[in-house]
Structure formats: structure tokens, C-alpha cells
Amino acid sequence: MNSILIAIIIANILMSYKGFNDDHFFRKYEFHMGRVRSGQKIRIISSAFLHADLSHLAFNMITLYFFAPVVIGYMGDLSFILIYFGSIIFGSLLTIYFHKRNHSYRAIGASGAVTGVLYSAILLQPDMMLGLFFIVPIPAYLFGIFYLLYSIYGMKAKNDNIGHTAHFGGAMGGYLITLLIMPHLLFDHALMVALLTIPIVVLFGMAKMKKL
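On a predicted model such as this, the values are computed, not experimentally measured, just so you know.

Caption draft 1: Summary view of the pattern of salt bridges. Within the structure shown, the criterion is met by four salt bridges. Between Arg27 and Glu30 there is a salt bridge, with the nearest N and O atoms lying 2.9 Å from each other. Judged by its relative accessible area of 3%, Glu30 falls in the buried class. Note that Glu30 is salt-bridged to Arg106, the shortest N-O span being 2.2 Å. Of this pair, Glu30 sits in the loop between α2 (23-29) and β1 (31-32) while Arg106 sits in strand β2 (residues 106-107), and the two are 76 residues apart along the sequence.

Caption draft 2: The packing of helix α6 (residues 77-99) against helix α7 (residues 111-124), seen in detail. Contact pair α6 / α7: the axes reach a minimum separation of 7 Å and the direction vectors enclose 130°. Classified by the angle between their axes, α6 and α7 sit oblique to one another. Of the two elements, α6 crosses α7, and the hand of that crossing is right-handed. Contact residues: Phe80, Ile83, Tyr84, Ser87 and Ile88 in α6; Gly112, Ala113, Gly116, Val117 and Ser120 in α7. Residues that form the contact of α6 with α7 fall into these classes: six nonpolar, four polar and no charged.

Caption draft 3: Main features of the packing of aromatic side chains. Tallied over the full model, the rule gives eight aromatic pairs. Ring centres of Phe49 and Tyr84 lie 6.5 Å apart, and the angle between their planes is 55°; this geometry places the pair in the tilted category. Placement of the pair is Phe49 in the loop between α4 (42-46) and α5 (54-75) and Tyr84 in helix α6, with a sequence separation of 35 residues. When sorted by exposure, Phe49 lands in the same class as Tyr84, which is buried. Measuring from ring centre to ring centre gives 6.1 Å for Phe49 and Phe85, while their planes differ by 35°; the resulting arrangement is tilted. Of this pair, Phe49 sits in the loop between α4 and α5 while Phe85 sits in helix α6; the two residues are 36 residues apart in sequence, bridging distant segments of the chain. Its relative accessible area of 29% is what places Phe85 among the partly exposed residues. Every member of this aromatic cluster is reached through a ring pair, and the members are Phe49, Phe80, Tyr84 and Phe85.

Caption draft 4: Fine view of the nonpolar core. If you look at the biggest cluster of nonpolar residues, it comprises 51 residues, and the most contacted ones within it are Leu64, Val71, Phe80, Tyr84, Val117, Leu130 and Phe168. Breaking this core down by element, the ones donating at least two residues are α1 (3-21), α5, α6, α7, α8 (140-157), α9 (164-181) and α11 (190-208). Residues in contact with Phe168, not counting those within four places in the same chain, are Leu94, Leu148, Ser151, Ile152, Met155, Pro199, Ile200 and Leu203. Counting residues in hydrophobic clusters, the runner-up holds six residues, among them Phe31, Met33, Val36 and Tyr105.

Caption draft 5: Structural view of the side chain of Thr115. Relative to the helices and strands, Thr115 resides in helix α7. Accessibility expressed as a relative area gives 7% for Thr115, which makes it buried. Setting aside chain neighbours within four positions, we find Thr115 in contact with Tyr147, His167, Gly170 and Ala171.

Caption draft 6: Focus on the packing of α6 against α9. At a minimum axis distance of 7 Å, the contact between α6 and α9 shows a crossing angle of 135°. Comparing their axes, α9 and α6 come out oblique. Once α6 is placed against α9, the crossing between them reads as right-handed. On α9, the residues touching Ser79, Leu82, Ile83, Gly86, Ser87, Phe90, Gly91, Leu94, Thr95, Phe98 and His99 of α6 are Thr165, Ala166, Phe168, Gly169, Gly170, Met172, Gly173, Gly174, Leu176, Ile177, Thr178 and Ile181. The residue inventory of the contact of α6 with α9, partitioned by class, reads eleven nonpolar, twelve polar and no charged.

The rules behind these values
Residues numbered from 1 in each chain as written. Predicted model: local features only at pLDDT ≥ 70, side-chain atom pairs only at ≥ 80, totals over all residues. Heavy atoms only, no water. Salt bridge = Lys/Arg side-chain N within 4 Å of Asp/Glu carboxyl O. Buried < 20%, exposed > 50% of the residue type's maximum accessible area, 1.4 Å probe, protein only. Helix = DSSP H or I, 4+ residues; strand = E, 2+ residues; numbered from the N terminus. Axes fitted to C-alpha atoms, helices over the stretch in contact; angles between N-to-C directions. Parallel < 35°, antiparallel > 145°, perpendicular 65-115°, else oblique. Left-handed = near helix turned anticlockwise from the far one by under 90°. Contact = heavy atoms within 4.5 Å. Nonpolar A, V, L, I, M, F, W, Y, C, P; charged D, E, K, R; others polar. Phe/Tyr/Trp six-rings, centres within 6.5 Å; stacked < 30°, edge-to-face > 60°. Core = buried A, V, L, I, M, F, W, Y, C linked by side-chain atoms within 4.5 Å.

Have a look at this one:
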């Protein structure tokens, strides 16, 4: 396994384990809208290394383990790091944009970063198959489109504790950073690039019409 990937997984495990056993540490580094807006910007990054429980941590790290090698194999270590941390920042910025008036809004987890890596992998290898619910095979690009549309639904419905906004922002981060680093994908995988743009246009269209 790549050393950079190992380091990121270990950092997630260590910080999450510390958070499981130290509520003060957890509260100090979680994403809390009021604290972030008051100047504690470190939470934008640190919250992505905290998780709610072992299953939350395991799901994110297993997903990262499967898809990070695709990105590293095509783009190298430095680009992978840019995508991972860039997706965290995109996820947090989109969260701030949509939840800035809710000063009690909280979020944790590497899901935004992991989703960014997943979307980068989809752009790089759009013909790969993913397992929907780990069972039903589905083309990666279809999964990408449906997942973002589901995230929009979750943002609108507000009926669960999932950070849909961070997931969507992370996906945007992985998508945009990958295209900036490898602009030839705009031509090599033009149809996939266009299809994956649709949910992003839908999201900001709904936001402009105040339907979110």
C-alpha cells in the first residue's frame, strides 16, 4: 500500500480513537459553524479526521482504501494529496455556504475527502463498475450522478444526520481539481465530464431559486 495513503488512514484512526475517548478533544476539533465563523478555521480540516464511531470510521477508510490507488496510479502522490485535502476544504466551504446562518451546525468525518477521491477515480476510469449496496454492479459514472442527486435530496429534506453538503462539496472538489490537473480529460472523457456536471448545475440552480 502507498505510504501516503497509509499515513492518512493512520491519522484518521488515531484522531478518531482520541475523539472516541476524549469528549473535550472531540468538541475542540469538530466542525462547529459558530466556532468556525468566529475564527477557528483549523476545524475545517481537523473535523475531517474525527468520526462518530468505529463503523463510520471503517466505512470511510475502506472506501478510501479501494479508490485511492486509482487516483495515485494515474496522478501520483502529490496530486492525490491535493485532491484529498482540497476535497475536505471544498466540502467545508460548501457547508459554510449553505449552513452559515445555523451557528449550531456540527459535522465530522472524512466523507467529503473520500467522496472527492471517489469522484476523481470516476473521472479517471469512468468505465469501472461499482457495487451498489456492495451487491448490484453499476457503472461508476451512473453512481456518481445518482449519488449527487441523492445528496441534493438529503440537503433539501434535512431528515437525517448525514452531512450531505460536505459529501457534495467533496465530490465537487475531487471533480474540479482532477480536471485542473489533467485538463485533457475534458476531451478524453467529455461525455462523462458533462454528465457529472449536471447535478452541480442542478444544485446551484435550486439554491438560486431558494429551493434549498
